Amino acid sequence: YWHTLTGLPPTVLGELGLKWLELFQTGLPIAALSSTVGSLRLDPDEREILLEQYLPWALEQSRNMTTSLLNVYYEEEFDTPLIELRERLNIQPAPEVAK
């Protein structure tokens, strides 16, 4: 659900963008470990996208969101239009990356 909400692709790079967001929101050690060690799997171009686009986006979103993504009852939001849910949570989609 987080990939859809954030607009991040379901790839290693997209998952790392989510892990950075999770780390900034929760400070959990496993998120720190995953986001740091997982970044070692990226090629140089992907690492550049992560550091220059997804990481600043994740930091900004963690500061601006109205609630942690861990606190959202997604089962109760299945009928909520995506744009409405993003507005309520104050989350902007991740930057689109050219392929």
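That block above? That's the structure.
The shown structure was predicted, so the numbers you read here are calculated from the model rather than taken from an experiment.

Undergrad: Could you clarify how one ought to interpret the packing of aromatic side chains in this entry?
TA: Here the distance between the centres and the angle between the planes together describe a pair of aromatic rings. One pass over the structure, following the stated rule, counts 3 aromatic pairs. Centre to centre, the rings of Tyr1 and Tyr74 are 4.5 Å apart; their planes meet at 50°, and the pair counts as tilted. With Tyr1 in the segment before α1 (2–6) and Tyr74 in the loop between α4 (44–64) and α5 (82–89), the pair connects residues that are 73 residues apart, well separated along the chain. By relative accessible area, Tyr1 is classed as partly exposed at 40%. The structure contains a cluster of three or more aromatic residues connected by ring pairs, namely Tyr1, Tyr74 and Phe78.

Undergrad: I would appreciate a short explanation of unusual backbone geometry in the present structure.
TA: Note: most residues except glycine have negative phi, and most peptide bonds are trans. Although it is not a glycine, Asn90 sits at a positive phi angle of roughly 60°. For Asn90, the position within the fold is in the segment after α5.

The rules behind each value
- Residues numbered from 1 in each chain as written.
- Predicted model: local features only at pLDDT ≥ 70, side-chain atom pairs only at ≥ 80, totals over all residues.
- Heavy atoms only, no water.
- Phe/Tyr/Trp six-rings, centres within 6.5 Å; stacked < 30°, edge-to-face > 60°.
- Helix = DSSP H or I, 4+ residues; strand = E, 2+ residues; numbered from the N terminus.
- Buried < 20%, exposed > 50% of the residue type's maximum accessible area, 1.4 Å probe, protein only.

Keep in mind these numbers describe shape, not what the thing actually does.
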